[in-house]
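If you want the building blocks of each chain, they are given just below.
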Amino acid sequence: MPRKLVTNFKVEYLQVLDNSGNADEELMPRLSSEQIKELYELMVLVRVFDDKAYNLQRQGRLGTYLQVKGQEASQIGSAYALDKKDWIFPSYRESGALITRNHPMYMLLLYWSGDSRGLESPEGLNNFPITITVGTQIPQGTGVAWASKILKEKVVTMIYFGEGATSKGDFHEGLNFAGVFQVPAVFICQNNGFAISLPREKQTASETIAQKAIGYGIKGIQVDGNDVFAVYKAAKEAVDKARKGKGPTLIECITYRLGDHSTADDSSKYRPKEEVLEWQKKDPIGRLERYMLKNKLLNDKNKKVITEKSTEKVEKAVEEYEKVAPPQPEDMFKYTYAQMPDKLQEQMKDLKGE
Amino acid sequence: MAILNIVQAINLALKQEMKKDKTIILLGEDIGKNGGVFRVTDGLQKLYGEERVVDTPLSEIGIVGSAIGMAVNGLRPVAEIEFSGFLYSPFDQIISHAGRLRTRSRGRFSCPLVIRVPYGGGIRGLELHCESPEAILAHTPGIKVVVPSGPYDAKGLLISAIRDPDPVIFLEPLRTYRVVKEEVPEKEYTVPLGKANIVKEGTELTVISWGAMLKYTQEALSKTNYKAEIIDLRTISPVDTETIVNSVKKTGRCVIVHEAPRTCGLAAELIAQINEKALLNLEAPVERVTGFDVPYPLYKLEGYYLPDEKRILRAVEKVMKF
Ligand SMILES: Cc1ncc(C[n+]2csc(CCOP(=O)(O)OP(=O)(O)O)c2C)c(N)n1
């Protein structure tokens, strides 16, 4: 009777850019200087937007908001690898991916102020509405990708979630289907260290999140999520592979949530300040900046201009957001069904006191 | 006696019961180190340790499914679902299993567990944080569904729920979590499940509500001169039919207020019971004031969705002037 090793698996880790801003030339993804600048500008824009949204919430001008801070490289590096007609499935923390995908910033603010008009994906953009229930978007994204395959479209679906979501059945079922039906999907797991207060070590006993892909026969890879080049490279490879019909990939981006879980959270209750300070030193924007300064893609002057331009854009978005008139009560009835049933007509009248 | 809010009263009930009964285990997301997103379990992990106040991975099915197993095997789990919208995924565990285990095993196994769920709207919450899935639960055989409206009842009902031999879903009114305050005895007491509370006696009209809506219903009624009998249902499954029917027989008129959607909402069931047992005593058709049959809106519109004073008083007038 044999007792033998049947199979053996390895999990790859990818870093291209170290924290001092030195890039590994061999691993460096193909990106023009213009593209690198664009990535940088997006990261700055998202940071400025994120800080602004946080401040608006603090001033009572916005509802509960969930910050991107610290995860810009993971979100922008991945979304940047997509084509216009591709799909994304964002969770509540994906302002960065959504802005990269041209979701208007004023609409994001509308959504976070309790106005569903902010969720409307502009015509021509396949940005699925933000998911609040953790993990439920994963099998749905698999389904969208599956449909692309059936319809013979060369379209890729990118699905975003945190490491907390990998504890839900939705994740496992979604990945299993993706593997079985070899759908053109890319799963981006931002492992930011915490699911609200629960640290990564208590979320799962497995050594990496990336290895969970192996159980479903799909490729899993771990990347430095604060390294925009590594994220982009892994995402681009996965997107190209999916587009060629070669199946899905799970990418685990190791990153850190620099802010509280949300504006309703106080993370000092469950994590030491020193840990946050340590990660602040690994800020993805600072890292790219150091690379760009070294490589003469940035200098103090245009750095200032980029920040100013971003601030201008964000301020304009805030202005536009605050100009939007409140939604009408009929709005909540309008989209329940394609055609409003009589009972809803009646209820609408009841609301108006008719 | 201390003046407590609902959050504090529930915390006190858990603290005291856990001291008495070592088989009680709390499990849920962020309930331990963080003390719960609403601070309901604040301090309990420090007091009883990580084995009894467990921060679980992010899985409502894991939480409810393993709570069922723990209960089967002699523990008394009290699970927390962080927000109401996340109760939908463990429905299979609740409906197909918790609710029928006693039946399926012909009484050999049961699962005396409690699932605590902050529920309802009116707090400018995020999407799916403000759901009222009460009717789906009340529709489910084999489980009990309890909704306290104030701190005193919250403590007494929760202790009864924990000691109850059947699975109990304990719906905690988010909107009034910290708003309603009253004296809560430090000493042990229980409030029985399945018994409604006549909050105020009256002769002209019966008004039934529960949870957060009770407060707003009472406030609306204070603007009228009608002698309304106000009933707080407290347990919505099994419902205290007797108290309702006796009241309606006396008043002949009834208004029911709930924030959950209208179709197949609990009011529909109560009206059916009134029709079965007190039809000939009615002076007017029973009116219900409810949420609408639409997904709970984002918060800019929630003020229109939730029954308000205007809608409640309109229903009262309609019933009185019939
Ligand atoms: C199904 C479900 N359960 C609970 C919650 C409440 N909740 C919101 S975010 C969160 C933590 C999610 O952690 P993770 O998936 O790692 O993503 P992160 O928030 O860190 O980006 C929890 C528990 C939820 N939104 N959905």
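All values derive from a computational prediction rather than experimental measurement.

Conventions and cut-offs
- Residues numbered from 1 in each chain as written.
- Chains lettered and ligands numbered in written order.
- Predicted model: local features only at pLDDT ≥ 70, side-chain atom pairs only at ≥ 80, totals over all residues.
- Heavy atoms only, no water.
- Domains from an automatic or database assignment.
- Contact = heavy atoms within 4.5 Å.
- Buried area = accessible area lost by both parts, 1.4 Å probe.
- Salt bridge = Lys/Arg side-chain N within 4 Å of Asp/Glu carboxyl O.
- Polar contact = N/O pair within 3.5 Å; in protein donor to acceptor, adjacent residues only side chain to side chain.
- Pairing = 2+ DSSP bridges.
- Helix = DSSP H or I, 4+ residues; strand = E, 2+ residues; numbered from the N terminus.
- Axes fitted to C-alpha atoms, helices over the stretch in contact; angles between N-to-C directions.
- Expected span 1.5 Å × (residues − 1).
- Near = heavy atom within 4 Å.

K.L.:
Which parts of the structure should I look at to understand the domain arrangement of chain A?
P.N.:
If you check the domain split of chain A, you get domain 1 (12-323) and domain 2 (330-354). For domain 1 of chain A and domain 2 of chain A, the distance between their C-alpha centroids amounts to 38 Å.

K.L.:
Please explain the interface of chain A and chain B as it appears in this structure.
P.N.:
The accessible area lost on association of the parts is a frequent measure of interface size. Contact with chain A, which involves 41 residues of that partner, is made by 35 residues of chain B. Each partner contributes to the roughly 3200 Å² buried at the junction of chain A and chain B, and carbon and sulfur atoms together form 60% of this total. There are four salt bridges connecting chain A and chain B. Between K343(A) and D293(B) there is a salt bridge, and its shortest N-O distance comes to 3.2 Å. At the junction of chain A and chain B, the tally comes to 13 residue pairs in polar contact (both at pLDDT 80 or more).

K.L.:
Any chance you could explain the sheet that holds strand β6 (residues 144-146) of chain B here in plain terms?
P.N.:
Strands in a sheet are paired, the pairing made by backbone hydrogen bonds, and the direction either parallel or antiparallel. All names here are of chain B. Read across the open sheet, the seven strands follow the order β3-β2-β4-β5-β7-β6-β12; overall the sheet is mixed. Only two strands of the sheet have a single neighbouring strand rather than two, namely β3 (53-55) and β12 (235-237). Along the sheet, successive strands turn relative to each other by an average axial angle of 20 degrees, direction set aside. Relative to β3, strand β2 (residues 24-28) runs parallel, the two sharing three bridges. Paired with G28 across the bridge in β3 is D55.

K.L.:
Any chance you could explain unusual backbone geometry here in plain terms?
P.N.:
All names here are of chain B. Omega for the bond connecting S237 with P238 falls within 30 degrees of zero, at -5 degrees, which places this linkage in the cis form. Mapped onto the elements of the fold, P238 is located in the loop between β12 and α9 (241-251). A positive phi angle, near 50 degrees, is found at R124, a position not held by glycine. Its place among the elements puts R124 in the loop between β5 (114-119) and α6 (134-138).

K.L.:
What's the story with helix α12 (residues 309-321) of chain B in this structure? I'm lost.
P.N.:
An α-helix turns once every 3.6 residues. As a result, residues three or four positions apart point the same way. Here α12(B) spans 18 Å end to end across 13 residues, near enough to the 18 Å set by a 1.5 Å rise per residue. Here the buried face of α12(B) lies against α13 (342-352) of chain A together with β10 (205-209), α8 (212-221), β13 (254-261), β14 (287-291) and α11 (302-305) of chain B.

K.L.:
I keep staring at the site of the ligand and nothing clicks. Help me out?
P.N.:
Surrounding the ligand, one finds 20 residues, the nearest of these being Y92(A), R93(A), G164(A), F194(A) and E60(B). Near the ligand, the surrounding residues belong to chains A and B. Between the ligand and the protein, one listed contact pairs an oxygen atom with a side-chain N or O atom of E163(A) at 3.1 Å. In the model, an oxygen atom of the ligand is placed 2.8 Å from a nitrogen or oxygen of the F194(A) main chain.

K.L.:
For this particular structure, what's the right way to read the sheet that holds β13(B)?
P.N.:
Residues and elements named next belong to chain B. With mixed pairing, the five strands of this open sheet are ordered in space as β9-β11-β10-β13-β14. Looking at the sheet topology across the chains shown, the edges are occupied by β9 (197-200) and β14. Along the sheet, successive strands turn relative to each other by an average axial angle of 25 degrees, direction set aside. Strand direction decides the pairing type here: β13 and β14, joined by four bridges, are parallel. Each bridged residue has a counterpart across the sheet, and for P261 the counterpart in β14 is G291. Where α12 meets the sheet, its contacts fall on β10, β13 and β14, and the angle it forms with β14 comes to roughly 165 degrees.

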